[in-house]
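# Architecture and fold: a report
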Amino acid sequence: YAAQKYREYLDKFPFALDYYEVTWYLADTYVRTEQFAEALGRYNQLLKFENHDFHDQSRYRRWMVTREILLAAHGSVYGVPEGAAVEQTVETVGGGERKVYALSDEHLAYIAVCEELQDVHLTDPTYAAALDRERVTLLYDPAYIRNQHGDFEGMRPLMEEVIDLYPRTEEGAFAAGAIVNS
């Protein structure tokens, strides 16, 4: 019901002074009701303009909902979706074969948002602190997704960066193991 009222307000007053705030609350309502695709659309709308108080929050929350969309679509951030296309088959050093699977649209969207946020510095202190806590995830997740999809060549430089930047973390240790095992 709240989402409907927010939409009606935005439709009726598209140039209202509180347009960005109401759009933010609409996106938040979508998140709370697990309508992640709708929330993503509203965050993307907010990100078209930088002259409002909800830009930083929208960048961070877009990452969160993109992850939720990926989880909803495939049940896992890292796993290869059932029926994923094989992009190529690579001969291994031991004479075997390794399949490299295509990334789903949801994986590609999630990776793009992770990459976009890696070098971003938010000005809102709450969201800046939250983003800083997730920096290792923003780098590790795209690397591990590639690893699970058999793209070791795409994974290795990212995992090396995880090790360089976050050597004393679980992700750093996992990154080292992934490189050794690839």
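For the structure itself, consult the block above.
In this text the structure is predicted, and so the values were computed from the model without any measurement. (Residues numbered from 1 in each chain as written. Predicted model: local features only at pLDDT ≥ 70, side-chain atom pairs only at ≥ 80, totals over all residues. Heavy atoms only, no water.)

To continue, consider the nonpolar core. In this structure, Y43 and W63 are the most contacted members of the largest nonpolar core, which totals 33 residues. Among the elements that take part in this core, helix α2 (residues 19-32) stands out by supplying seven residues, more than any other. With near-sequence residues (within four places) excluded, Y43 lies in contact with W24, A27, D28, V31, S58, R61, R62 and V65. Of all hydrophobic cores here, the second largest spans eleven residues; its members include V136, Y140, V162 and A178. (Core = buried A, V, L, I, M, F, W, Y, C linked by side-chain atoms within 4.5 Å. Buried < 20%, exposed > 50% of the residue type's maximum accessible area, 1.4 Å probe, protein only. Helix = DSSP H or I, 4+ residues; strand = E, 2+ residues; numbered from the N terminus. Contact = heavy atoms within 4.5 Å.)

Another point: the packing of aromatic side chains. On inspection of all chains with the given rule, the structure shows ten aromatic pairs. Aromatic side chains W24 and Y127 sit 6.4 Å apart centroid to centroid with 90° between the ring planes, which places their arrangement in the edge-to-face category. One end of the pair, W24, is in helix α2; the other, Y127, is in helix α6 (residues 125-148), with 103 residues separating them in the sequence. Look at Y60 and Y127: their rings are 5.7 Å apart centre to centre, the planes differ by 65°, and that puts the pair in the edge-to-face class. Here Y60 is found in helix α4 (residues 55-74), whereas its partner Y127 is found in helix α6, with 67 residues between them in sequence. For Y127, a relative accessible area of 17% gives the class buried. (Phe/Tyr/Trp six-rings, centres within 6.5 Å; stacked < 30°, edge-to-face > 60°.)

Where α2 contacts α4, the axes come no closer than 12 Å and their chain directions differ by 20°. The orientation of α2 with respect to α4, classified from their angle, is roughly parallel. Crossing of α2 against α4: the hand is left-handed. Between α2 and α4, the residues in contact are W24, D28 and V31 and Q57, S58, R61 and V65, respectively. Among the residues making up the contact of α2 with α4, the classes are represented as three nonpolar, two polar and two charged. (Axes fitted to C-alpha atoms, helices over the stretch in contact; angles between N-to-C directions. Parallel < 35°, antiparallel > 145°, perpendicular 65-115°, else oblique. Left-handed = near helix turned anticlockwise from the far one by under 90°. Nonpolar A, V, L, I, M, F, W, Y, C, P; charged D, E, K, R; others polar.)

With the rule as written, the count across this model stands at ten salt bridges. Between D28 and R61 there is a salt bridge; the shortest N-O distance is 2.9 Å. With D28 in helix α2 and R61 in helix α4, this pair connects stretches of sequence that are 33 residues apart. Summarising the burial analysis for this pair, D28 and R61 share the class buried. Members of the salt-bridge network, linked through shared partners, are D28, R32 and R61. (Salt bridge = Lys/Arg side-chain N within 4 Å of Asp/Glu carboxyl O.)

In short, geometric facts, not functional conclusions.
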